Structures are given as structure tokens and as C-alpha cells.
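So you can see what is in the structure, the chains are spelled out below.
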Amino acid sequence: MRECRKCGAELAEGVDACPKCGEQVDSGGEKKATRNLTTTLLGALKGYWPHILVGVLFIVMQWQFPFVEWWKSWQKPHSYYSHGPLVPLISLFMVWANRKRLAQIKIQPSWLGLILVLPSIPFFIFGRWTGSGNVCAITFLTFLVGAALMLFGSRMTRLLMFPILYLLFMVPMPSTLLDRASFPVQKASTTLAAKVLHYSGMVFSDSDGGWGIRQAGNLIYSPKLPAGPGESEGVLRVEGECSGFRMLISLITFTAFFVYMLNTHWWKKVLLMGISLPLSLFVNGLRIAVIGYVGIWTESAEAMFKFHDSWAMVFELVLSFAILFGIARLIKAVDFGIPDPKEGEQAAAGDIRRTKSSTISQAAVTGLFCLIIFTNYAIKPLEATARGELNRESFPPTFGSWFSQDLKMDSLTQQELKTADMLNRFYINGAHDVETASALVQAARDTDAFHDPHSCIPGGGSSIDEDRIITIRFDKPRPFEVKATYLRFSNKDTGDSFLLVYWYSTDNHSYPRTSQVRLVMRAEQLKDLQAIAKSWFGVGSAEQAEANYKNRQSYCYRFSTPAYYEDSKTSLARLQKFIKEFVANSPHFEQQD
């Protein structure tokens, strides 16, 4: 017999309220709801355990690479993909939002998924072996779509296609593509900020010339901005992380989700997606201008930097989404949510009976994923087996009036450059003790060992002021010429300028850009992997194929020097003279070019 919790009166079974005091009592509904939930979960586990198993295998298969590498990329300071961890959660929410529609679709496994899964296996092995996150990103999607077809069928996969493709927003773009795409955005944001500061200075300044705003590349100068000791002008530097490209990626990511969830006409969705690019440029330009306002009005560089590191991003996010949602309301695109399925459609919820065909397809995709997991452990990544080897005696510690000191690479750089063997030397000209230069030589067999300076320099807090390809002709130790990249960059904290000249060499060919040598190395790695695979079937020798890629390596040559307040032409000529003397006295270049 139950008792009332308030007055203690005895209650008969099935009574919902105490007859004495009127207190509402539990009639067993909570226990019944708990039992129903448990039954539902157990039923789902019993019916869908093959699908759950495949999902677990898929995560295990991708975990070490590329998932861990993606996570590292998301966690980097000023990462373009800091929103990455939210993307899978948003994708799952979109699947959950379609739960009623999914319940109306009968599960009919399709063998069409094999067309995607089978060709993806060798590509995944190649991407895993070479450490190519881009190749693994492609196979990540093809595996996912192929498995969905084999487990659920084409109708359900079609409904899940957008949540699956949405996962692309968490995949970091190739660094070379990222650099090329971010520079135009950086320049456009700087130009807009400079114009906003110029015209507002004409309005608010007492001077006829306004605030004297002028733009040089990604730099904004003004005598009203906080300046260093002895400087007549202050400078506002728009670095790579402030280019607006990071905001563009994040805005497109969340706009795609917002548009997908809107129940409105297609043209309104296209319009909202289309304004993402101009909106991100506009708002980022305003953000840079506001940072300039803080510096002009407070006359404090410290206040300007504090605002940049704290409230500037908040300002940008709030303004971006306020404008986006305002436009959505203006065009009356406010019906947020996935509409319910139409009445009269045959419900197939719970129709999880396993036919012979579905059982075979489930077993097939499970077996394929297990095979791929096995290859992850059976095939060691190239970075673990093919390290570069550099003969340091082939590079002169002294020549002419130059003497040097070898510098030890820090652990973080060594970790980032993975398989590279590196020589880092700092040279001093004995005839002019203030003249210095640095030579960095790398030898590697893995493309990840070569990092593009266009990414490294902005990441170190400097901005690239000049960027072009030059030709250097050598007479010693033999006649040859190379195409090299020339960069001039400056440090925002110290105000110092530096010059950098670099090129790559592989198989007696030189390349000025990192992207070029990476493509060549990837092509050679693919040939190596094909030769190794053929040897498994008795075609060729596995030992010979492995020896080929172990004996082949590529080189990177980087030379840098301070600009010493010289013009670019003079300082570049001085650096080229050093490079030619270095090469002329290096036995290494007797065979390499």
C-alpha cells in the first residue's frame, strides 16, 4: 500500500491524487516510461547492431589518421579550422532533425556502395602510407557514402547526403591552396579597412588631410596610429590570421547549416549562401578599422593589441550573424526546421528485418573495414620508414671571409618537419662583422617534411611584403641555374625586415614553389607503392621497390639575411652573392641542381 508524501494517508492502487489533501502522486508512470525507454534502446541495439558495429569500425579505421591529424590542426593557434570540433555535432543534429523522414524510409541495402568503397581502399592505403591528409579526406567521404548505401540503401543515403557532405567543413584545406586563397581576402580586407579609416578621418579629424591614412600591401600607415620611438608614423599590420579568410570559412560553415534548416524557397537559400563571401570581407574590414580607431583614439599600441586579442573577434561574430539573420528576416526566410513528412506516406519505422541480401551487404562492409584496419597496422607510414639523410661535410662551415655556427633545431620544428634531416647554419662575414646570413638545408623523402614559408612566416608573427620568382645562375662548382622564390618579410614586434630565397631539388630538377615539389614527390610515391603492390603478386621485387624510394630524396635550400634598412634590390644582390659563394664551395652541388 502506497502513502501520500504530504499527509501520509494510505492510497489505493491506480489513484493519481490523494483523496484527503489532493496531492498529485505518481501512479507508476515514471517506472513505466523508464521501462519503455529501456525497451526501445534494447530493441534498437538488437535490430541495428550491425550498423553500430560498422560505425565503430569506421571510427577505429580513421582514428590514428586522419582524425588525430585533423584534431591537431583544429587546436593550432589562429587555426582556420578552430570550428572543426563542432562540425560533427552539427551534422548529427541535422540527422536527428530528419528523424521523422528517416522513419518513413524502408531500409533496402544497395550493392552500389561497393563502387565507392572498393576503389577507395588503395587510395586510403596510399594516403595513410604517405601521410596525405587530402587523399584520406576524399576516402573518408567515399567510405561513408558507400557504407551508407550498403547498409541503408539509396533513398536513405540521399536524405543523409547533405549531413555527410557537411563534414567537409571540418577537413583542413591543403596549406598551399589555403595560402593562395587567403592572400586575396587579406588584401581586400586591408583595402576596405584603409578606405573606412580614410573617409572617417576626413569627417572626424580637425586636419584637412584627415588622419593621413595610406596603404602599402597589407600595411596601413598613419601619423595618428601609435608609433615606436623615433618613428613619425604608426602601422597597422593585417597578418594572415587577420585576413578574414578564417571568418569566411567559419561563416560559410554555419551559414550552410542555417540555410539547410530553413524551410523556404530555394532562391532565398542561394541568396543567403551567396552573401557569405562579401559579408565576411565587409565585417572583417570593419573589424580592422575598429582596431585602428582604438589605436588612434587611445594613442596606445597596448590598448590596440588588447582589443585585437579580446573584443575584436566578438565584434566580428556578433555583427556577421546579426546582418545574416537580419537579411533572412527581410526576405522572410524565418521558418527554421525540417518539415514533417507528408501524410499518407507508408511508414517503415522499425522495419529492420534482415534479409539474406542485407545480411551479406552488412557482412561485406564489415569485412572490408576490418581489412583496412589490418592494413593500418601492417603497412608502416612512410614517415616512420623513410627519413632523409644529409651529408653535412658537403656544405662548407667556412669559405672566403665567412665563418659559421651550427644551430640546433627546436623540438617543435623537428616534430613539424617529421622525417627531414636538417642543417641550420648561421654565417658571419669576418670582413663585415655586422653582415650575417643563414643557410637551412633539408633532405627528406616525405612531402610533409617541406613546409611552405608562405604559411610559416605569417604563423611566426611576420608579414610578407614582397613575393616573386627569380632566376639564379651559377658558374661553380658547375654551370647550372635554378628558379627560386624570393620573399621579403617584416616582423611586427621588432620592425626588422628580412629576405628569404629558397628552392627545391628532386631528381636533378629544381622547383621554386612548395606545391610543385610536393606534386612531383607524390607522383613518385605513387609509383613506388604500385611497384610494391605488384611485388605481392610476383611482379617485380619488393626489395628493389623499397630500395628505390629509400634512395630517392628531395632537398630544400633556404637562405636568409636581414635587410639592414636597404632597398630590396641592394639587399637581394647581397644575398645572391652569398648564395653563389656558398654553392661554389659546396661539394654537394657538384651533382645536385
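Conventions adopted
Residues numbered from 1 in each chain as written. Predicted model: local features only at pLDDT ≥ 70, side-chain atom pairs only at ≥ 80, totals over all residues. Heavy atoms only, no water. Helix = DSSP H or I, 4+ residues; strand = E, 2+ residues; numbered from the N terminus. Buried < 20%, exposed > 50% of the residue type's maximum accessible area, 1.4 Å probe, protein only. Contact = heavy atoms within 4.5 Å. Areas by Shrake-Rupley, 256 points an atom, 1.4 Å probe, with all protein chains shown as cover. Expected span 1.5 Å × (residues − 1). Phe/Tyr/Trp six-rings, centres within 6.5 Å; stacked < 30°, edge-to-face > 60°. Lys NZ or Arg CZ within 6 Å of the ring centre and 35° of its normal. Lys, Arg positive; Asp, Glu negative; His and termini not counted. Salt bridge = Lys/Arg side-chain N within 4 Å of Asp/Glu carboxyl O. Polar contact = N/O pair within 3.5 Å; in protein donor to acceptor, adjacent residues only side chain to side chain. Pairing = 2+ DSSP bridges. Axes fitted to C-alpha atoms, helices over the stretch in contact; angles between N-to-C directions. Core = buried A, V, L, I, M, F, W, Y, C linked by side-chain atoms within 4.5 Å. Parallel < 35°, antiparallel > 145°, perpendicular 65-115°, else oblique. Nonpolar A, V, L, I, M, F, W, Y, C, P; charged D, E, K, R; others polar.

Enquirer: Which parts of the structure should I look at to understand the overall build of the protein?
Expert: Looking only at helices and strands, one finds 19 helices and 14 strands in the protein. Counting all 593 residues of the protein, 47% fall into the buried class. Looking at the protein alone, contacts between residues at least 24 apart form 70% of all its contacts between residues at least 6 apart. Total accessible area on the protein stands at roughly 31,000 Å², and carbon and sulfur atoms take up 60% of it.

Enquirer: Could you clarify how one ought to interpret helix 12 (residues 311–330) in this entry?
Expert: Residues lying three or four places apart along an α-helix face the same way, a consequence of the helix completing one turn every 3.6 residues. Its 20 residues place the ends of helix 12 28 Å apart at the C-alpha level, agreeing with the 28 Å of an ideal helix rising 1.5 Å per residue. Where helix 12 is buried, its residues contact helix 8 (245–261), helix 9 (266–274), helix 10 (276–298) and helix 11 (301–309). The positive-phi residue at the C-terminal boundary of helix 12 is K332, with phi of around 60°.

Enquirer: Hey, could you run me through the packing of aromatic side chains in this one?
Expert: In this description, a pair of aromatic rings is defined by centroid distance and the angle of the planes. For the structure on display, the rule yields 38 aromatic pairs. Taking the centre distance of 6.2 Å and the plane angle of 35° together, the rings of F162 and Y166 count as tilted. Of this pair, F162 and Y166 are both found in helix 6 (residues 154–166), four residues apart, which corresponds to roughly one turn of the helix. Ring plane angle 85° and centroid distance 6.0 Å describe the contact between Y427 and F582, whose orientation is recorded as edge-to-face. Highlighted residues: Y427 in strand 8 (residues 421–429) and F582 in helix 19 (residues 568–584), separated in sequence by 155 residues. Judged on exposure class, the residue Y427 and its partner F582 are both buried. In this structure, R558 is placed above the aromatic ring of Y502, and the distance from its NZ or CZ to the ring centre is 6.0 Å.

Enquirer: Could you clarify how one ought to interpret the side chain of R488 in this entry?
Expert: Within the secondary structure layout, R488 lies in strand 11 (residues 480–491). Here R488 occupies a buried position and makes no salt bridge, while the nearest side chain of opposite charge, E466, is found at 4.5 Å. Of note is the side chain of R488, whose polar atom sits 3.2 Å from the side chain of S568. With sequence-adjacent residues up to four places away left out, R488 is seen in contact with S463, I464, D465, E466, S497, F498, L499, A563, E566, D567, S568 and S571.

Enquirer: Looking at this structure, how should I read unusual backbone geometry?
Expert: It is generally the case that most residues other than glycine have a negative phi and that most peptide bonds are trans. For the bond from K476 to P477, the omega torsion is 0°, close enough to zero to count as cis. Examined against the element boundaries, P477 turns out to sit in the loop between strand 10 (462–474) and strand 11. Of note, the phi angle at K332 is positive, near 60°, even though the residue is not glycine. When you line up the elements, K332 lands in the loop between helix 12 and helix 13 (356–378). The phi dihedral of D507 falls on the positive side, at around 50°, and the residue is not glycine. Mapped onto the elements, D507 comes out in the loop between strand 12 (497–506) and strand 13 (509–511).

Enquirer: What should I look at first to understand the sheet that holds strand 5 (residues 234–237) in this one?
Expert: For sheets, the rule is that strands pair by backbone hydrogen bonds, running either parallel or antiparallel. Across the sheet, which stays open at both edges, the three strands sit in the order 3-4-5 with antiparallel pairing between neighbours. Only two strands of the sheet have a single partner each, and these edge strands are strand 3 (214–216) and strand 5. Averaged over all pairs of adjacent strands, the angle between strand axes in this sheet comes to 25°, irrespective of strand direction. Judged from the three bridges that link them, strand 3 and strand 4 (residues 219–222) form a sheet pairing that is antiparallel. Across the sheet, residue R214 finds its bridge partner in strand 4, namely Y221.

Enquirer: Sorry if this is basic, but what is going on with the pairing of strand 14 (residues 554–562) here?
Expert: As a general feature of sheets, a regular strand has side chains that alternate between the two faces. Here strand 14 lies mainly inside the structure; eight of its nine residues are buried. Pairing geometry for strand 9 (residues 436–444) and strand 14, over seven bridges, is antiparallel. In the strand pairing of strand 14, A439 is matched with F559. Both strand 12 and strand 14 contribute to a ladder of eight bridges, which runs antiparallel.

Enquirer: How do you make sense of the pattern of salt bridges when you look at a structure like this?
Expert: Proximity of charged atoms lets side chains of opposite charge pair with each other. Across all of its chains, the model carries seven salt bridges by this definition. Its salt-bridge partner being E302, residue K306 comes within 3.4 Å of it at the nearest N-O pair. Here K306 pairs with E302, and both are found in helix 11, just four residues apart, close to one helical turn. Comparing K306 with E302, the two get one shared label, exposed. Across the pair R473 and E481 runs a salt bridge, and its minimum N-O distance is 3.2 Å. Classification of E481 by relative accessible area gives partly exposed; the value is 42%.

Enquirer: What am I meant to see in the nonpolar core here?
Expert: By size, the foremost hydrophobic cluster in this structure holds 56 residues, and its most contacted members are M61, W70, F140, F143, M170 and F369. With 12 residues, the top contributor of residues to this core is helix 5 (residues 133–152). Residues F395, Y557, A563 and F578 belong to the second largest nonpolar core, which totals 31 residues.

Enquirer: So what exactly am I meant to see when it comes to the packing of helix 2 (residues 86–97) against helix 8 here?
Expert: Working note: a packed helix pair is described by the angle between its axes plus the distance between those axes. Orientation of helix 2 relative to helix 8, taken along the N-to-C sense of each, is 5°, at an axis distance of 12 Å. When the axes of helix 2 and helix 8 are compared, the pair comes out roughly parallel. Contacts between helix 2 and helix 8 pair L86, V87, I90, F93, M94 and A97 from the former with T253, F254, F257, Y260 and M261 from the latter. Taken together, the residues that form the contact of helix 2 with helix 8 break down as 10 nonpolar, one polar and no charged.

Enquirer: Is there a simple way to think about the pairing of strand 12 in this case?
Expert: Of all 10 residues making up strand 12, eight are buried, and the element is well covered by its neighbours. Here strand 11 runs beside strand 12; their pairing, made up of six bridges, is antiparallel. Note that in strand 12 the partner of L487 across the bridge is L500. As judged from the three bridges shared by strand 12 and strand 13, these two strands associate in the antiparallel manner. Bridging across to strand 13, Y504 finds its partner in Y511. Counted along the chain from strand 12 to the antiparallel partner strand 13, the turn is two residues long, and its residue D507 has a positive phi close to 50°.

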